[in-house]
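# Summary of structural features
Read off the chains here:
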Amino acid sequence: MRLSRPGVAAALTVPTLILLVLAETVAGPRAAAEEVTQLKDGPGHDLTLGRCIICHSVEYIPSNAPAMNRAAWEKTIQKMKDRFGAPITDEEAKQILDYLDTSYSGKSS
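The sections below set out a description of the structure shown in this document.

Conventions we followed
- Residues numbered from 1 in each chain as written.
- Predicted model: local features only at pLDDT ≥ 70, side-chain atom pairs only at ≥ 80, totals over all residues.
- Heavy atoms only, no water.
- 1 Å grid on protein atoms, 1.4 Å probe; cavity = no way out; pocket = protein on both sides within 12 Å on 5 of 7 lines; lining within 4 Å.
- Points joined across faces, edges and corners; volume = space filled by probe spheres on them.
- Helix = DSSP H or I, 4+ residues; strand = E, 2+ residues; numbered from the N terminus.
- Nonpolar A, V, L, I, M, F, W, Y, C, P; charged D, E, K, R; others polar.
- Phe/Tyr/Trp six-rings, centres within 6.5 Å; stacked < 30°, edge-to-face > 60°.
- Lys NZ or Arg CZ within 6 Å of the ring centre and 35° of its normal.
- Salt bridge = Lys/Arg side-chain N within 4 Å of Asp/Glu carboxyl O.
- Buried < 20%, exposed > 50% of the residue type's maximum accessible area, 1.4 Å probe, protein only.
- Expected span 1.5 Å × (residues − 1).
- Contact = heavy atoms within 4.5 Å.
- Polar contact = N/O pair within 3.5 Å; in protein donor to acceptor, adjacent residues only side chain to side chain.

Let us now look at the layout of surface pockets. By volume, the largest pocket amounts to about 270 Å³. In terms of lining residues, the largest pocket is bounded by 16 residues, among which Cys52, His56, Trp73, Thr76 and Met80 are the most central. At the level of secondary structure, the elements contributing two or more residues to the lining of the largest pocket comprise helix H3 (45-52), helix H4 (60-64) and helix H5 (70-82). Among the elements that take part in the lining of the largest pocket, H5 stands out by supplying 4 residues, more than any other. Per-class residue counts for the lining of the largest pocket are 12 nonpolar, 3 polar and 1 charged.

Dropping the structure here:
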């Protein structure tokens, strides 16, 4: 981050500068990525989006899609529930699986 006026840096405290740099570093790239990545519309879209973004970016879905089929998505959803404690009921898991299989399966079964 570059300050445009001489002497401005001297007026800011070190903790304030650190917070400004962190805010720019964290918010900038994340905001841009969220604007770019949008999931395909379809049944299960809202549920999938709502459950998946609790732990990670939605970018994981389209970026992994070429290597995924229904069985791979099912295994991934189960792993998210079992290992990482994703708050997904069995019924929600089925709806998410149907959505991912329909919208993001790039690998043939």
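Under the counting rule described, the total for this entry stands at 1 aromatic pair. Cation over ring: Lys40 sits above Tyr104, and NZ or CZ is 4.9 Å from the ring centre.

Moving on: the pattern of salt bridges. One pass over the full model with this rule turns up 5 salt bridges. Across the pair Lys81 and Asp90 runs a salt bridge, and its minimum N-O distance is 2.6 Å. In this structure Lys81 comes out as buried when scored by relative accessible area, which is 17%. Given the relative accessible area of 61%, Asp90 is considered exposed.

Here the focus is H5. For H5, spanning 13 residues, the distance from its first C-alpha to its last is 18 Å, which sits close to the expected 18 Å at 1.5 Å a residue. Of all the residues in H5, the buried ones are Ala72, Trp73, Ile77 and Lys81. Where H5 is buried, its residues meet H4 and helix H6 (90-104). A distance of 3.2 Å separates the backbone nitrogen of Ala71 from a side-chain oxygen at the start of H5, and that oxygen is part of Asn69.

Shape is all these values report; function is a separate question.
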